[in-house]
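Commentary on secondary and tertiary structure
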Amino acid sequence: MLWLKLFAMTARALRRLVDTVSRDVFEDIYRCSEMKQTGVSLKYMMDFGSYPSKKNLLLSSQFLHNELPVRLAHRVTELENLPHGLSTKAPVLKVRDWYLDSFMDLRNFPEIQDMEDETRFTNLITRVKMRHNDVMPTMAMGIQQLKEDLGRKVGLNEIPEIHQFLDRFYMSRIGIRMLIGQHIALHNSPPPTYIGLICTSVSPVEVAQNAIDDARSACMRTYGSAPEVHVYGDPNFTFPYVPTHLHQMLFELIKNSLRAVQERFQDADHECPPIRVVVADGIEDVTIKISDEGGGIPRSGLPKIWTYLYSTAKNPVVLDRQDHELPNVMAGYGYGLPISRLYARYFGGDLQVISMEGYGTDAYLHLNRLGNVQEPLP
């Protein structure tokens, strides 16, 4: 029986869930967590969203009504069974309860049959999206507590299962918020070049310049000055992408370069060398390279930059951002680079960092310009 199978899960996890939900809900969560998730591609979102008719909006809501509970159930069950006691941390339990509440809200919503149902469902997932606004900083608090518990007993690279879980968890979060955000945006009157959240003519040079301005402003606030950043590329070149994702990735990479260069040359008697941003338009990829002369990273330290428990910042800094699509924990928790890589990989791209210790670092941001890669569902 299914109920007997559920007891194969850890007793600790079972007690926590059973204390929270009824047996029927618990079985439903487990059943949904066993279902396969359905991925979509950027191209599919564009093609489908190009004609936001009532029929398409109805189809979209019906898809989300079936798909979102499956994705949420995957995360609830995983949040119940994390190693090193992470599942018992109060912030992690809070995140689990948010996912649990959203799962039950969606499962309790009746079958969507007409546009009146669709409108009520869109209102529901809008509330769900808002409920999850603080998942990123809340989970970061749980990870920080784990880091403090581990202390020096366990090395950062000795707990890869935590980093693998966080990669899956945050990749799933990016996907859930993209699907909900896209559906909601299709109800609004978009700018001429937008299909929901997707801009059909994103200029990487323009987005890079905006990210540079934001990153240099942050650098100025911290250090009182900021190195120059030069952009090389065709300003007229455009391609379809989600501008907020691209801005987030470029902001993080440029911010890191500014900080490295500023700290290396702050006492020098000459100007800081500029950071260079190069945009290349390839057949398969749009590649953006960010190069600095900030001293580089030791080869032994390169693997650590992708872990969530590693940061060279002295203290965690929480930025007051209004856009909850993006992580608002930017420095101190070690989230910037691993999250940026997930944003790149979500639509089939990637992020690579190559460093020359004693000189500087090159970051290569690859963006799939074909848009035909499905979500990498964890």
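Conventions used here
- Residues numbered from 1 in each chain as written.
- Predicted model: local features only at pLDDT ≥ 70, side-chain atom pairs only at ≥ 80, totals over all residues.
- Heavy atoms only, no water.
- UniProt positions renumbered as here; feature names shortened; annotations may be inferred.
- Disulfide = S-S within 2.5 Å.
- Helix = DSSP H or I, 4+ residues; strand = E, 2+ residues; numbered from the N terminus.
- Buried < 20%, exposed > 50% of the residue type's maximum accessible area, 1.4 Å probe, protein only.
- Pairing = 2+ DSSP bridges.
- Axes fitted to C-alpha atoms, helices over the stretch in contact; angles between N-to-C directions.
- 1 Å grid on protein atoms, 1.4 Å probe; cavity = no way out; pocket = protein on both sides within 12 Å on 5 of 7 lines; lining within 4 Å.
- Points joined across faces, edges and corners; volume = space filled by probe spheres on them.
- Nonpolar A, V, L, I, M, F, W, Y, C, P; charged D, E, K, R; others polar.
- Contact = heavy atoms within 4.5 Å.
- Polar contact = N/O pair within 3.5 Å; in protein donor to acceptor, adjacent residues only side chain to side chain.
- Salt bridge = Lys/Arg side-chain N within 4 Å of Asp/Glu carboxyl O.

In the nomenclature of an unreviewed UniProt entry, the protein is known as Protein-serine/threonine kinase of Physcomitrium patens. As recorded by UniProt, the Sequence similarities (unreviewed entry) comment attached to the protein reads in full: "Belongs to the PDK/BCKDK protein kinase family." Under the Subcellular location (unreviewed entry) heading, UniProt states for the protein: "Mitochondrion matrix".

Next up on the list: the state of the cysteines. Taken as a whole and judged by the stated rule, the model has zero disulfides. Here Cys 272 is not disulfide-linked; the sulfur of Cys 219 is the nearest cysteine sulfur, at 8.4 Å.

Here the focus is the environment of Leu 124. Topologically, Leu 124 is positioned in helix α7 (residues 115–131). By relative accessible area, which is 6% here, Leu 124 ends up buried.

Strands sit in the order β3-β5-β6-β10-β9 across an open sheet of five strands; the sheet is mixed. Among the strands making up the open sheet, the edge pair consists of β3 (229–232) and β9 (350–356). The mean angle between the axes of side-by-side strands here comes to 15 degrees, regardless of whether they run parallel or antiparallel. Of the strand pairs in this sheet, strand β5 (residues 275–281) and strand β6 (residues 285–292) are connected by six bridges, and their pairing is antiparallel. Each residue of the ladder has a partner; that of Val 278, found in β6, is Lys 289.

Okay, empty space enclosed by the protein next. What the rule picks out here adds up to two cavities of 30 Å³ or more. Considering only enclosed or pocket space, the largest cavity measures out at about 70 Å³ in volume. Sorting elements by how many residues they give to the lining of the largest cavity places helix α9 (residues 160–185) first, with four residues. Taken together, the residues of the lining of the largest cavity break down into five nonpolar, one polar and three charged.

This paragraph deals with the sheet that holds strand β2 (residues 198–202). Taken together, the three strands give an open sheet; going across it, the order is β1-β2-β4, and neighbouring strands pair in antiparallel fashion. Edge positions in the open sheet fall to β1 (194–195) and β4 (239–241), since each of these has one partner strand only. Direction of pairing for β1 relative to β2: antiparallel, over a ladder of two bridges. Note on β2: the bridge partner recorded for Tyr 194 is Cys 199. Contacts from helix α11 (residues 243–265) reach β1, β2 and β4, with the element oriented near 85 degrees to β4.

Right, let's get into the environment of Thr 77. Along the polypeptide, Thr 77 turns up in helix α5 (residues 54–79). A residue is classified by how much of its surface remains accessible, and Thr 77, at 15% relative accessible area, is buried. Along the primary structure Thr 77 and Phe 26 are separated by 51 residues, whereas in three dimensions their C-alpha atoms are 9.9 Å apart. A distance of 3.0 Å separates the side chain of Thr 77 from the backbone oxygen of His 74, its partner in a polar contact.

For the rest of this paragraph, the subject is the pairing of β2. A regular strand places its side chains on the two faces of the sheet in alternate fashion. Connecting β1 to the antiparallel partner β2 that follows it, the hairpin turn spans two residues, and Gly 196 within it adopts a positive phi of roughly 65 degrees. Of the pairings in the sheet, the one linking β2 to β4 comprises two bridges and is antiparallel in character. When the sheet's bridge partners are listed, Val 202 is paired in β4 with Phe 239.

Glancing now at helix α4 (residues 42–49). Residue pairs three or four apart in sequence face the same way in an α-helix, which turns once every 3.6 residues. Those residues of α4 that fall on the buried side of the exposure criterion are Leu 42, Met 45, Met 46, Phe 48 and Gly 49. On its buried face, α4 sits against α5, α9, β1, β2, β4 and α12 (336–346).

Another point: the pattern of salt bridges. In this structure the tally under the stated criterion is 19 salt bridges. Put simply, Asp 47 and Lys 43 hold a salt bridge, and the shortest N to O gap is 2.9 Å. Of the two residues, Asp 47 and Lys 43 are both situated in helix α4; the distance of four residues between them amounts to about one turn of the helix. We classify Asp 47 as partly exposed; its relative accessible area is 44%. What makes Lys 43 partly exposed here is its relative accessible area of 42%. Note that Asp 97 is salt-bridged to Arg 96, the shortest N-O span being 2.7 Å. Judged by its relative accessible area of 28%, Asp 97 is partly exposed. Classification of Arg 96 by relative accessible area gives buried; the value is 5%. Residues joined in a network through salt bridges with shared partners are Asp 28, Arg 31 and Arg 107.

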